[in-house]
Amino acid sequence: MSTRTSALDAVVFGVDIQSGDVRGDAPSYALVQYDGEDVTRDVVTYRKLRRLIDDVEPAIVATDNMYELAADKDQLVHFLGSLPSETKLVQVTGAAQPEPLSRVAKRHGIPYGKDPMQEAEAAARLAAHNVGQEVSAFTDTTEVKVARGRSTGSGGWSEDRYTRRIHGSVRKRAREVESDLEDENLEYEKDVREAYGGLANAVFTVEARPTDIPVSRNRSGDVRVEIERKRRDGIEFHPLVKRRDHVIVGIDPGTTTAVAIVSLDGSILDVWSSRTSDTADVIEWIVERGRPIVVAADVTPIPETVEKFRRSFDAAPWTPQRDLPIDEKQHRTREEPYDDDHQRDAIAAALFAFDAHEDQFERIARKIPPGMDHGEITARVVAGEESVEAALRDLTEDDEPEEESTEHEPRELTDEEKRIRDLEEQVDRLQSHVGTLENRLEEKDDRIEELEGELTATRQEERREVRRNREVTRLERRANQLERERDEAREETEALEKKVERMKELWKLDHSNFADVSAKKAGLVPVKVVEKFTNDAIREADEQYGISADDVVYLRDASGAGRSTAELLADFEPRVVLKNGGGLSDIADAILFDREIPIGPADDVAMQEVDELAVAREEDVESVIDDWHDRAKERQKQQKASMVDRLISEHRAGDNEA
C-alpha cells in the first residue's frame, strides 16, 4: 500500500523565513506550494503570504518552527484564528520540543538542504506524508451571538416604542438562527437575556465549526450577528495521523460491506458499514486504523471479496469450520455495540478469529524479550509463517563482518550447527518468497500510482464542485433572507392597503346616516380622536395624524385634566372639543373657556369611527358650537352680574368703615 495520504488531495504550503525577523523587521518567506506532484517556489512578504493563504485555502501550512510565523503566543493565536476554516498549521518537527528538521527529513527519506527554500520544500513534503503535529488554539465549539445593532438611548416621546421595536427584532432574528440550527441537526445550548418588548441578546453555543453553521456574521438595521470560535486554555498539539498497530480484521461482504477492527488483545477498536463504498474506500478505511495480520470471514470457504482484501494486506486468512450460526454470533457480540446485522457479522468474524489465535499470541508474547515490537513479530509469525526465533534474529541481527574462513579438515557438524544450517536454508527459501512478494508489490504499487493519479484528478474536480456548492449555498442563504424581507414588506403593504380600504369606507357611509349622497363630502368633517385628556395622549395623537387649528377634537375620556393639559390642547386652537366619559375639571373648563375653545358633549354628534379616525356631520358640529356660544353668553352675563355684585359689596363695606 502507498503511504500517500489525504494531505496530497489538496495544496500544502511549506514556509521558512528567507530574511528578516518576525519580531523586528518585516520578514520575507520562502514559500513552496506542493500538491503531491507539482512544486511551485516563491519568495513572498508576510502580507502576501497571508493573502495567498486566504485565496488558495491550502489544506496545511507546514513549518519547522511555528514561531517563525508569530512573535509570541498571542500573535500565534491570532494567526490561527485568521486561517481559513479547513487550513491547518503543522509543525513538522514535533510538538513543544521539536527535533532538527534535517533529522526528521532523513528519517522519512525526504530530500533536505539548508537553504530556506529547500527547508520549506522539505516541510511541505513531510506534512503531505502526514508527518508532524497540528498546532491548535481553538475547540470545535462556536458561539453565535444575536444582539442589538443600535443603542436604545433617548428616543424622545417615542422611546418606548423604539426600544420595543429593537428588542422585538432581536427576538425574531434569534428565532431564525435557532430554526437554521435545528434544520442542520446541530447540537447547541441557548442563553437569552430578556428585555422590554423582546430580547436584549441571545447566545447559541454550537458544537460545530463556523463553516458547518448555516449562519453568517452580519449587521443589519436593529440587529447584529457575531460568530466566534471558543479558544482553548493554551496551545495544543495533535499528530496528523494516529499510530497504526497490528490488528485483526473481520469483513462481511455483500450489498452492504461491513468491517470490524479488533486489537491483538481482543478489544473492538472500530466498526463501519456502507452501501456505496468501493474496494478502495474499504482498504483506505482499514489502513487508517491499523495493519491487518489476520483477515476473517464468518462463512466458509472464504468469500472471493474477502480473499481480495486479504491478499491486499498479505495477511493470514481465518474462516470457521462451518458457517457461524446467528445465535452464536449474537452471543459472541452481545456486549459490543453495532448498528446493523452486517456490522454484527463482521465483529463476530474478527472476535472468533481472535479466539482461534489467542493461545498462539500468548506463546509468542512469552518468547519476546522486553523492548521488542510485539505486533511486528506476531505479524511475521502469523502472516509470514516465520518462527519466533527467526523473526527475533532478523530484527536484532547486527551488520558485523563475517569471520575469515580458513581451510580445515571436514568434521561432523554439531547439533547447534545443523540447526543453524537448517535455519539458513529456511531463510533462503523465505527470501526467495519475499522476492516474489516484492515483485507482486511493485506491480500493485504501479497500479496504485495509476489509480492515485486518477483519484487526484477526480478529487480536484470534487474540490472545485465543493467551492461551487459553497457559493451556491451562500447565494441561497442570501436569497432566503431577501425572500423573508420581501414577505415582511408584503405583509406591511397588505396591512396598509386594508387601512386604506377602511378609510375609503368612511366616505362610503350608508345613505341613511346622512342627508344627501351627493352632499356627503361637503356634509362631513374629520374628527381627531384623543383617548384621554392627558399630555401624553394629546402628543401621541398629534404624532400619529396631526392636530391643527380649526380641527374637531374628540376626547374619549375628558376627566382628570389639569392646567398644563388644558393649555396644551388650547395651543392647538381646535375648532371645537367634543368630550365623553367623566366630567371636565373646573380648571380645565375655565382655561378652555378663557381661550374661547368651544366644548360640547359627544353624544350630540353622530360620528362614524374606523381605528383612530372618525368623521361627523357638519351640521351636528355647528349645532354643538352654537349651543356653546349660547351658554358662553349666559355664562359671561352671570360672570358680569357676579362681578357687579362683588363691587357693590366692596363699596358698601367701604362706606360702613367710613
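Structure first, text after, so check above.
Counting of residues starts from 1 at the beginning of each chain's written sequence and follows it residue by residue. At least 70 in pLDDT is required for a residue's local features to be given in this predicted model, at least 80 for side-chain atom pairs to be given and counted, and no such filter applies to totals for whole chains, interfaces and linings, which use all residues. Calculated side-chain values reflect all of the structure's heavy atoms, with hydrogen atoms and water omitted.

Visitor: Help me understand the overall build of the protein chain, please; the structure alone is not making it clear to me.
Guide: What the protein chain contains, in helices and strands, is 17 helices and 21 strands. Remark: exposure states derive from per-residue accessible area (1.4 Å probe, protein chains only) relative to the maximum for the residue type, with buried under 20%, exposed over 50%, and partly exposed in between. Sorting the 658 residues of the protein chain into buried and exposed places 37% on the buried side. Any two residues whose heavy atoms approach within 4.5 Å at even a single point are treated as in contact. Contacts in the protein chain between residues far apart in sequence, at least 24 positions, make up 63% of those at least 6 positions apart. Helix and strand labels come from DSSP, where a helix needs a run of H or I of at least four residues and a strand needs a run of E of at least two; each type is numbered from the N terminus.

Visitor: Explain a negative patch on the surface to me, please; I cannot follow it from the model alone.
Guide: Together, Glu86, Glu182, Asp183, Glu184 and Asp212 give the surface a local cluster of negative charge. Owing to a relative accessible area of 44%, Glu182 belongs among the partly exposed residues under this scheme. Note that patches include only residues with greater than 30% relative accessible area and no salt bridge, and the join distances are 9 Å for like charges and 5 Å for nonpolar side chains (Val, Leu, Ile, Met, Phe, Trp, Tyr). A 1.4 Å probe and the Shrake-Rupley method give the accessible areas. Residues count as covered only by the protein chains that appear here. Salt bridges are defined by distance alone: a side-chain nitrogen of Lys or Arg within 4 Å of a carboxyl oxygen of Asp or Glu. Positive charges come from Lys and Arg, negative ones from Asp and Glu, while His and the chain ends are left out of the count. Positions of charges follow a simple convention, taking NZ of Lys, CZ of Arg, CG of Asp or CD of Glu.

Visitor: Any chance you could explain the packing of aromatic side chains here in plain terms?
Guide: In this analysis, rings of Phe, Tyr and Trp, with Trp reduced to its six-membered ring, are considered paired at centre separations within 6.5 Å, and the interplanar angle assigns stacked below 30 degrees, edge-to-face beyond 60, and tilted for intermediate values. Taken as a whole, this structure holds 5 aromatic pairs when the rule is applied. With 6.2 Å between their ring centres and 45° between their planes, Tyr29 and Tyr46 make a pair best called tilted. Taken together, the residues Tyr29 in strand S2 (residues 28-34) and Tyr46 in helix H1 (residues 46-56) connect sequence positions 17 residues apart. We classify Tyr29 as buried; its relative accessible area is 0%. Here Tyr46 falls in the partly exposed class, since its relative accessible area comes to 27%. Judged by centre distance (5.3 Å) and plane angle (20°), the ring pair of Trp272 and Trp285 falls under stacked. Of the two residues, Trp272 sits in strand S13 (residues 268-274) while Trp285 sits in helix H6 (residues 279-287), which places them 13 residues apart along the sequence.

Visitor: What is the right way to look at the pattern of salt bridges in this model?
Guide: Opposite charge on two side chains permits pairing when their charged atoms draw close. For the structure on display, the rule yields 37 salt bridges. Across the pair Glu450 and Arg447 runs a salt bridge, and its minimum N-O distance is 3.2 Å. Separated by 3 residues within a single helix, Glu450 and Arg447 lie in helix H12 (residues 415-506), roughly one turn from each other. In this structure Glu450 comes out as partly exposed when scored by relative accessible area, which is 43%. Owing to a relative accessible area of 42%, Arg447 belongs among the partly exposed residues under this scheme.

Visitor: What exactly am I supposed to notice about the packing of helix H15 (residues 563-571) against helix H16 (residues 586-594) here?
Guide: Axis separation between H15 and H16 bottoms out at 8 Å; the angle between their running directions is 30°. Judged on the interaxial angle alone, H16 and H15 are roughly parallel. Here H15 runs over H16; the crossing is right-handed. Residues Arg563, Ala566, Glu567 and Ala570 of H15 touch H16, and the partners they reach there are Ile587, Ala588, Ile591 and Leu592. Think of each axis as a best-fit line through the C-alpha atoms, taken over the contacting stretch in the case of a helix, with angles from 0 to 180 degrees between the N-to-C directions. An angle below 35 degrees is treated as roughly parallel, one above 145 as roughly antiparallel, one from 65 to 115 as roughly perpendicular, and anything else as oblique. In this scheme the handedness of a crossing depends on how the near helix is turned from the far one: anticlockwise by less than a right angle means left-handed, clockwise means right-handed.

Visitor: Mind showing me how you'd approach the nonpolar core here?
Guide: In globular proteins that are soluble, nonpolar side chains generally tend to be buried together. Core analysis: the biggest nonpolar cluster contains 29 residues, and Ile248, Val294, Ile364 and Ile377 have the highest contact counts within it. Looking at this core, the elements with two or more residues in it are strand S12 (257-263), strand S14 (291-296), strand S15 (316-318), helix H9 (341-367), helix H10 (374-382) and helix H11 (388-396). With 11 residues, the top contributor of residues to this core is H9. Apart from residues lying up to four places away in sequence, Ile364 is in contact with Ile377, Thr378, Val381, Val382 and Val388. By size, the runner-up hydrophobic cluster in this structure holds 25 residues, among which are Phe533, Ala537, Ala561 and Ala570. We call a set of buried residues a nonpolar core when its members are Ala, Val, Leu, Ile, Met, Phe, Trp, Tyr or Cys and they connect through side-chain atoms within 4.5 Å of each other.

Visitor: When you look at the pairing of strand S4 (residues 60-63) in this model, what are you seeing that I'm missing?
Guide: Looking down a regular strand, the side chains alternate between one sheet face and the other. The side-chain alternation of S4 yields two buried faces, one formed by Ile60 and Ala62 and the other by Val61 and Thr63. Two strands pair when backbone bridges link them, and strand S1 (residues 12-19) and S4 are joined in this way by 3 bridges, in the parallel orientation. Pairing of Val12 across the sheet is with Ile60, part of S4. Two strands qualify as a pair provided that DSSP identifies no fewer than 2 bridges between them. Note: S4 against strand S5 (residues 88-91), 4 bridges, orientation parallel. Directly across from Val61, in S5, lies its bridge partner Leu89. Handedness of the crossover joining S4 and S5 through helix H2 (residues 73-82) is recorded here as right-handed. The handedness of a crossover follows from its direction of travel: if, with the strands pointing away from the viewer, the path from the first strand over the helix to the second runs clockwise, the crossover is right-handed.

Visitor: It is not clear to me how the sheet that holds strand S11 (residues 246-252) should be interpreted in this structure. Could you clarify?
Guide: Within a sheet, adjacent strands bond to each other through the backbone by hydrogen bonds, running parallel or antiparallel. Sheet architecture is open: 5 strands sit in the order S13-S12-S11-S14-S15, paired in mixed fashion. Among the strands making up the open sheet, the edge pair consists of S13 and S15. Averaged over all neighbouring strand pairs, the angle between strand axes comes to 25°, with direction disregarded. Direction of pairing for S12 relative to S13: antiparallel, over a ladder of 6 bridges. When the bridges of S13 are listed, Thr257 appears paired with Ser274. This element, helix H7 (residues 304-313), spans S11, S14 and S15 of the sheet and lies at about 155° to S14. Each of S11, S14 and S15 touches H10; the most contacted strand, S14, lies at about 40° to it.

Visitor: What should I look at first to understand the packing of H9 against H10 in this one?
Guide: What describes two packed helices is the angle between their axes and the distance between those same axes. Running from N to C, H9 and H10 cross one another at 125°; their axes reach a closest spacing of 10 Å. In this view, H9 runs oblique relative to H10, as classed from their interaxial angle. Once H9 is placed against H10, the crossing between them reads as right-handed. Where H9 approaches H10, its residues His357, Gln360, Phe361, Ile364 and Ala365 are matched on the opposing element by His374, Ile377, Thr378, Val381 and Val382. All amino acids are sorted into three groups, where Ala, Val, Leu, Ile, Met, Phe, Trp, Tyr, Cys and Pro are nonpolar, Asp, Glu, Lys and Arg are charged, and the leftover types, Gly among them, are polar. Residues that form the contact of H9 with H10 fall into these classes: 6 nonpolar, 4 polar and no charged.

Visitor: So what exactly am I meant to see when it comes to unusual backbone geometry here?
Guide: For residues other than glycine, phi is negative in most cases, and the peptide bonds are mostly trans. With an omega of -5°, the peptide bond running from Thr300 to Pro301 counts as cis. With respect to the secondary-structure elements, Pro301 resides in the loop between S14 and H7. Look at Asn185: it is not a glycine, yet its phi comes out positive at around 55°. The topology assignment puts Asn185 in the loop between helix H5 (159-183) and strand S7 (188-195). A positive phi is found at Asp314, a non-glycine position, where the angle reads about 50°.

Visitor: Whenever I open this one, the environment of Arg334 confuses me. Can you help?
Guide: Residue placement: Arg334 occurs in the loop between helix H8 (326-332) and H9. Residues Arg334 and Ala348, spaced 14 residues apart in sequence, show a C-alpha to C-alpha distance of 9.8 Å. Polar contacts here mean pairs of N or O atoms no more than 3.5 Å apart (in protein, one a potential hydrogen donor and the other a potential acceptor; neighbouring residues in sequence count only if both atoms are side-chain atoms). A polar contact of 2.5 Å, which involves the side chain of Arg334, links it to the backbone oxygen of His331.

Visitor: What's the story with the environment of Arg175 in this structure? I'm lost.
Guide: Of note, Arg175 is situated in helix H5. For the pair Arg175 and Val146, spaced 29 residues apart in the sequence, the C-alpha separation amounts to 9.9 Å.

Visitor: What is the right way to look at the side chain of Thr93 in this model?
Guide: Assignment of secondary structure puts Thr93 in the loop between S5 and helix H3 (101-107). When its relative accessible area of 2% is taken as the criterion, Thr93 is described as buried. A polar atom in the side chain of Thr93 sits 2.7 Å from the backbone oxygen of Asp64. Those residues in contact with Thr93, other than ones at most four positions away along the chain, are Asp64, Pro98, Glu99, Pro100, Leu101 and Val104.

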